[in-house]
Amino acid sequence: MFTPGQIGKEKASLVMLVRNRELTDALRSMRMIEDRFNRKYRYPWTFLNDEPFTEEFINFTTGMASGKTQYGLIGIEQWSMPEHIDLQKVQANMETMVAKNVIYAGSMSYRHMCRYNSGFFYRHELLANYDYYWRVEPAVEYYCDINYDPFELMRTNDKLYGFVMAMYEYDVTIKTLWDETKSFIKSHPQYLAPDNALDFFVDGGRASRRGDTEIKGTYNLCHFWSNFEIANLNLWRSQAYSEYFAHLDKAGGFYYERWGDAPIHSLAAGLFLPKSKIHHFGDIGYRHAPYSRCPQDIDSHMTGRCLCNRAEHFDDDGYSCLPRWWKVAGMSIGAGPRYIPH
Ligand SMILES: Nc1nc2c(ncn2[C@@H]2O[C@H](COP(=O)(O)OP(=O)(O)OP(=O)(O)O)[C@@H](O)[C@H]2O)c(=O)[nH]1
Ligand SMILES: [Mg+2]
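A. Molecular detail of the site of ligand 1. Residues in close proximity to ligand 1 include Leu17, Val18, Arg19, Glu22, Asn49, Asp50, Ser109, Met113, Glu137, Pro138 and Asn227, which together make up its full environment. Looking at the shell around ligand 1 residue by residue, the classes come out as four nonpolar, three polar and four charged. Mapped onto the domain boundaries, the shell around ligand 1 takes at least three residues apiece from domain 1 (1–74 + 127–138) and domain 2 (82–119 + 157–342).

Right under this line is the structure:
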């Protein structure tokens, strides 16, 4: 597992699901993570693809990585519609969503991707010996040095899920996800954690207290933005999550609607874990178009740790769910001192 040259001591890998044609953007993301963090730790990179990686992709990404690299092919059964899905219904629903201009509404590969990120990546054999992963997408940006090992932070603080941004999902893409989630919890009340984060998802949500087993209320669409994730793979390998994914897959919303992995991961982490096991990485400066967030404390800027525009601060944007998280998690100081432009 630990290869010569690896300095970071955790059982962890950076993970990128990516297409060959995204090579340049993949390298841009890698360069930033290497410069800001990984060249000091040399954690391995794991690349996953539904098609074989080209020699060019392998050579350039291996050249950019400070640690070892590994390349995995995704099996067709994990990147295609399950047999029970009604293709005609999928096509009809797709047309309706396309007519409403829903982003990626007409894309089948996007649906495979969301299903894969929801239910399969953590079962890939290349990740079998790891406990933690850091999800990286092509063309993301990192604005700040990370002068500690976030995997170690996760382990030593007993955190299982880490995020940077939180926002609202497009409701048309997850019309029945909340009902399916509620019915899953109703039939599996043992998986609802005491002191869960239900209040992040529902105004005045019930069942966040010990003994409550049924969820009431309407989903407010808040979720952790999963293009960044530092999390424990065992959260997804758990019986609770395996059964939740199987329930959702059977319901078919990955195809009939266009369920994203972000709300699914979020609902699972928020309901199956005590909220103390979820960590907000408030010190990480990050961009995935079209949103950026920049740490607000003056020290991060005065010391040269971060280079980003403090006014570009998605955290308390009207579309951000982070203020709600601060409240749910009992973090009164929020993002720290605000930058107020002169
Ligand atoms: N191998 C492979 N990877 C894919 C495919 N579609 C998406 N991905 C990867 O899955 C991740 C999410 O896809 P994105 O296209 O970034 O989806 P998004 O973040 O919702 O939307 P944008 O970033 O705004 O396009 C990225 O790491 C992509 O590189 C695909 O068909 N094959
Ligand atoms: Mg993306």
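B. Looking closely at the environment of Ser266. Note on placement: Ser266 falls in helix H11 (residues 261–272). Taking the C-alpha atoms as reference points, Ser266 and His223, 43 residues apart in sequence, are found 5.4 Å from one another. Setting aside anything within four residues of it in sequence, one finds Ser266 in contact with His223 and Phe224.

C. Representation of the domain arrangement of the protein chain. For the protein chain, the assigned domains read domain 1 (1–74 + 127–138) and domain 2 (82–119 + 157–342). Each of domain 1 and domain 2 has a C-alpha centre, and the two are 24 Å apart. Ranked by residue count, the leading element in the side of domain 1 that touches domain 2 is strand E4 (residues 132–135), at four residues. Broken down by class, the residue content of the side of domain 1 that touches domain 2 amounts to seven nonpolar, no polar and three charged.

D. Representation of the sheet that holds strand E11 (residues 286–288) within the structure. The three strands lie next to each other as E5-E11-E12, forming an open sheet whose pairing is antiparallel. Each edge of the open sheet carries a strand with a single partner, namely strand E5 (141–142) and strand E12 (291–293). Sheet analysis places E11 next to E12, joined by three bridges and oriented antiparallel. What sits directly across from Tyr286, in E12, is Arg293.

E. Summary view of the nonpolar core. Ranked by internal contacts, the top residues of the largest apolar core, which has 84 residues, are Met16, Tyr133 and Ala166. With seven residues, the top contributor of residues to this core is H11. Shared between two domains, this core takes at least three residues from each, and those domains are domain 1 (1–74 + 127–138) and domain 2 (82–119 + 157–342). Among all residues touching Tyr133, those that are not within four sequence positions of it are Ala12, Ser13, Val15, Leu127, Ala231 and Leu233.

F. Summary view of the sheet that holds E4. Strand order in the open sheet formed by seven strands is E3-E2-E1-E4-E9-E6-E10, with mixed pairing between adjacent strands. The open sheet is flanked by strand E3 (69–73) and strand E10 (278–280), the only strands paired with a single partner. Averaged over all neighbouring strand pairs, the angle between strand axes comes to 20 degrees, with direction disregarded.

G. Just the environment of Thr96, in detail. The topology assignment puts Thr96 in helix H3 (residues 87–99). Each C-alpha atom of the pair Thr96 and Glu137 lies 29 Å from the other, and the pair is 41 residues apart in sequence.

H. Main features of the pairing of strand E1 (residues 12–17). Of all six residues in E1, six are buried, a share of seventy percent or more. Direction of pairing for E1 relative to E4: parallel, over a ladder of four bridges. Across the sheet, the residue bridging to Leu14 is Trp134, located in E4. Here E1 runs beside strand E2 (residues 45–49); their pairing, made up of four bridges, is parallel. Across the sheet, residue Leu17 finds its bridge partner in E2, namely Leu48. Handedness of the crossover joining E1 and E2 through helix H1 (residues 23–36): right-handed.

Cut-offs and rules
Residues numbered from 1 in each chain as written. Chains lettered and ligands numbered in written order. Predicted model: local features only at pLDDT ≥ 70, side-chain atom pairs only at ≥ 80, totals over all residues. Near = placed C-beta within 6 Å. Nonpolar A, V, L, I, M, F, W, Y, C, P; charged D, E, K, R; others polar. Domains from an automatic or database assignment. Helix = DSSP H or I, 4+ residues; strand = E, 2+ residues; numbered from the N terminus. Contact = placed C-beta atoms within 7 Å. Pairing = 2+ DSSP bridges. Core = buried A, V, L, I, M, F, W, Y, C linked by C-beta atoms within 7 Å. Buried ≥ 20, exposed ≤ 12 C-beta atoms within 10 Å, placed from the backbone. Axes fitted to C-alpha atoms, helices over the stretch in contact; angles between N-to-C directions. Right-handed = clockwise from strand over helix to strand, strands pointing away.

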